Amino acid sequence: PQWGGDKVFNDPRLQIHYTDAFAFMENYKSDTFDVVIMDISDPIECGPGIVLYTQEFYRMVKNEKLSEGGVLVTQGEGGGGQQRKGRIREENLLC
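Residues numbered from 1 in each chain as written. Predicted model: local features only at pLDDT ≥ 70, side-chain atom pairs only at ≥ 80, totals over all residues. Heavy atoms only, no water.

Chemist: Could you give me a rundown of the layout of surface pockets, with the residues and numbers involved?
Modeler: The space that makes up the largest pocket amounts to roughly 1,200 Å³. Taken together, 30 residues form the lining of the largest pocket, with Gln15, Ile16, His17, Val36 and Ile37 sitting closest to its centre. Elements with a contribution of two residues or more to the lining of the largest pocket: helix 2 (21-27) and strand 1 (33-39). For the lining of the largest pocket, the class distribution of residues is 18 nonpolar, 6 polar and 6 charged. (1 Å grid on protein atoms, 1.4 Å probe; cavity = no way out; pocket = protein on both sides within 12 Å on 5 of 7 lines; lining within 4 Å. Points joined across faces, edges and corners; volume = space filled by probe spheres on them. Helix = DSSP H or I, 4+ residues; strand = E, 2+ residues; numbered from the N terminus. Nonpolar A, V, L, I, M, F, W, Y, C, P; charged D, E, K, R; others polar.)

Chemist: For the packing of aromatic side chains, give the residues involved together with the corresponding values.
Modeler: Going through the model one piece at a time under the given rule, you end up with 5 aromatic pairs. Judged by centre distance (5.3 Å) and plane angle (35 degrees), the ring pair of Phe24 and Tyr28 falls under tilted. Taking the relative accessible area as the measure of exposure, Tyr28 reaches 17% and is therefore buried. Summarising the aromatic geometry, the rings of Phe24 and Phe33 are spaced 6.4 Å apart at their centres and angled 45 degrees between planes, so their arrangement reads as tilted. Overall, the relative accessible area of 13% leaves Phe33 in the buried class. Taken together, Phe22, Phe57 and Tyr58 form an aromatic cluster joined through their ring pairs. (Phe/Tyr/Trp six-rings, centres within 6.5 Å; stacked < 30°, edge-to-face > 60°. Buried < 20%, exposed > 50% of the residue type's maximum accessible area, 1.4 Å probe, protein only.)

Put into C-alpha cells, the structure is as follows:
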C-alpha cells in the first residue's frame, strides 16, 4: 500500500479483512478494535452495502466492537437524496 509501505503492511497489529463487513462485525467475538477503517460501497437500495448505512450497524460497532476511545472511519459515495438523510442519521448516532 502507498500509505506506509512494507513497514506498515507487515506490522502484526494490522489486520485487513476484505469481506462482508456487517457479517464480520456481527460474528467477531475476539478483542475490540482501536481503529476500524471501512471503504464501503454505494448506498444503493437493496445493494450489498446498504446495511452499512444503518443505525443498527453503527450502534453495534460503537457499543460492542470499538475499544474505549476507539475510532471508526468510513468512506462511501453519496446516494443523491439519501446523502442528507445519512448525514442526519450519523449525527444523531454520535449524540
